[in-house]
Amino acid sequence: MEGKEEDVREGATKFPERQPLGTAAQGGGDKDYMEPPPAPLFEPGELTSWSFYRAGIAEFMATFLFLYITVLTVMGVVQAPTKCSTVGIQGIAWAFGGMIFALVYCTAGISGGHINPAVTFGLLLARKLSLTRALFYMIMQCLGAICGAGVVKGLENSSRYELLGGGANSVAHGYTKGDGLGAEIMGTFVLVYTVFSATDAKRSARDSHVPILAPLPIGFAVFLVHLATIPITGTGINPARSLGAAIIYNKSHAWNDHWIFWVGPFIGAALAALYHQVVIRAIPFKSK
C-alpha cells in the first residue's frame, strides 16, 4: 500500500492540473493541450497523398452503409399497417443515431468520421480542414448515399419501393416550408454543436476517455433530433442522406421541398461553427 500511495503522490506532482475546470479555464497560464493550427484554404499537396483518397473512400463507405441501414429501417416502418407492429419512430431514431455512433467510431481515425456534408461544412468554416478536402468529402458522401439508397431499391421491387416512398424526405402535411426549414436548422445546429464539443482539444487533454467516447454523444444527438423532427420533415440534417434517397426515388414530391434539406443543414452548421468559435472558444471568427 505504501508503494501505491507513493506512486499516487508522485503522479500528482508529476502531472499537475494546469488547465483548471470551469470559468478558471478562461484565464491565462500554460496550456496542457495542443491546439491544431488552422487548415489552409487550399492545400494542393493533398491531391498527391494516399491518405487524402483513403479518407474519401472511408467517407463514401460510411455514408453508403448509413443509407443502406437507415432507409431500410424507414421503409420497414412505413410498410406496416400500424406503427406498433414495427420499431416505430423510436426505432428509426435509434437506427440513425446508432449507425452514426458505429460509423464515426470506425472512421474517425481515417477521415474524421463526418458522414454528412453539413458537418464537413461546419468544420470547414472553423478551419478544421481545407476547402480541397471538404469538397472531396462532400462528393464522396453524396455518391455513397446514392449507392446506399440504390442497393435498398435493388432489394425491393419497383412498385413496392415507390409505394413506400423510398425513404425520401419531405415536409409533412400540416407544416409549412418555413416550419421544415426551421426544424432542419435547429436539428443540424444541435448535431454540429455536439461534434465541436465532443472533439474539442481542451476536453481531450483533461479527460483521457473523451476521444474514445466522442462518437457516443454525436450518435445520441442524432437520435434525439430524429425523435423531435421526424414528424415534421422525416429529419434530414444530412444533405447527402436526403439527396441519395431523392435521386433513387425520383418522384416530384421528393424534389418539391428538397432545397430545405440543403439550406437548413448548411445554415445550422454555420451557426454552430460561429457559436463554437466566438462563444465557446472565445476567439474572433476570422477568415485568416
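Above this text sits the structure in question.
Report on the accompanying structure. (Residues numbered from 1 in each chain as written. Predicted model: local features only at pLDDT ≥ 70, side-chain atom pairs only at ≥ 80, totals over all residues. Heavy atoms only, no water.)

## Notes on the environment of Ala273
Inspection of the secondary structure puts Ala273 in helix α13 (residues 260-280). Overall, Ala273 belongs to the buried group, its relative accessible area being 0%. For the pair Ala273 and Phe121, spaced 152 residues apart in the sequence, the C-alpha separation amounts to 9.0 Å. (Helix = DSSP H or I, 4+ residues; strand = E, 2+ residues; numbered from the N terminus. Buried < 20%, exposed > 50% of the residue type's maximum accessible area, 1.4 Å probe, protein only.)

## Thoughts on the packing of aromatic side chains
Using the criterion set out here, one finds 13 aromatic pairs in the structure. Judged by centre distance (5.5 Å) and plane angle (80°), the ring pair of Phe66 and Phe96 falls under edge-to-face. Taken together, the positions of Phe66 in helix α2 (residues 50-79) and Phe96 in helix α3 (residues 88-107) put the pair 30 residues apart, joining distant regions of the chain. Overall, Phe96 belongs to the buried group, its relative accessible area being 1%. Taking the centre distance of 3.9 Å and the plane angle of 20° together, the rings of Trp94 and Phe223 count as stacked. Here Trp94, found in helix α3, pairs with Phe223, found in helix α10 (residues 215-233); they are 129 residues apart in sequence, far enough to count as distant. The exposure class of Trp94 is partly exposed, given its relative accessible area of 49%. (Phe/Tyr/Trp six-rings, centres within 6.5 Å; stacked < 30°, edge-to-face > 60°.)

## Overview of unusual backbone geometry
Within the chain, Thr235 stands out as a residue other than glycine whose phi angle is a positive 65°. By the secondary structure assignment, Thr235 is in the loop between α10 and α11 (239-249). A relative accessible area of 0% means that Thr235 is categorised as buried. Even without a glycine there, the phi angle at Ile237 is positive, about 50°. Examined against the element boundaries, Ile237 turns out to sit in the loop between α10 and α11.

## What to know about the side chain of Glu59
Its place among the elements puts Glu59 in helix α2. Look at Glu59: it is buried, it has no salt bridge, and the nearest opposite charge is Arg133 at 8.6 Å. Among residues more than four places away in sequence, those in contact with Glu59 are Ser111, Gly113, His114, Ile115, Asn116, Tyr137 and Gln141. (Lys, Arg positive; Asp, Glu negative; His and termini not counted. Salt bridge = Lys/Arg side-chain N within 4 Å of Asp/Glu carboxyl O. Contact = heavy atoms within 4.5 Å.)

## Regarding the packing of α3 against α10
Two elements in contact, α3 and α10, have axes separated by 8 Å at closest approach and are oriented at 155°. By the angle between their axes, α3 is roughly antiparallel relative to α10. Here the hand of the crossing between α3 and α10 comes out right-handed. In contact with Ile89, Gln90, Ile92, Ala93, Trp94, Phe96, Gly97, Ile100, Phe101, Val104 and Tyr105 of α3, α10 contributes Pro215, Leu216, Ile218, Gly219, Phe220, Val222, Phe223, His226, Leu227 and Ile230. Of the residues that constitute the contact of α3 with α10, the class distribution is 17 nonpolar, four polar and no charged. (Axes fitted to C-alpha atoms, helices over the stretch in contact; angles between N-to-C directions. Parallel < 35°, antiparallel > 145°, perpendicular 65-115°, else oblique. Left-handed = near helix turned anticlockwise from the far one by under 90°. Nonpolar A, V, L, I, M, F, W, Y, C, P; charged D, E, K, R; others polar.)

## With respect to the nonpolar core
Ranked by internal contacts, the top residues of the largest apolar core, which has 52 residues, are Phe66, Ile100, Ile115, Leu191 and Ile218. When residues of this core are traced back to their parent elements, those giving at least two are α2, α3, α4 (117-125), α5 (131-155), α7 (177-198), α10, α11 and α13. Apart from the residues lying within four places of it in its own chain, the contact partners of Ile100 are Phe66, Ile115, Ile218, Gly219 and Val222. Formed by five residues, the second largest nonpolar core is a distinct cluster that contains Val171, Leu181, Ile260 and Phe261. (Core = buried A, V, L, I, M, F, W, Y, C linked by side-chain atoms within 4.5 Å.)

## Let's talk about the layout of surface pockets
There is about 620 Å³ of room inside the second largest pocket. As for the second largest pocket, its lining consists of 26 residues, and the residues nearest its centre are Val78, Ala168, Ser170, Ile230 and Gly234. Among the secondary structure elements, those contributing two or more residues to the lining of the second largest pocket are α2, α3, α10 and α12 (252-256). In terms of residue class, the lining of the second largest pocket is made up of 13 nonpolar, ten polar and three charged. (1 Å grid on protein atoms, 1.4 Å probe; cavity = no way out; pocket = protein on both sides within 12 Å on 5 of 7 lines; lining within 4 Å. Points joined across faces, edges and corners; volume = space filled by probe spheres on them.)

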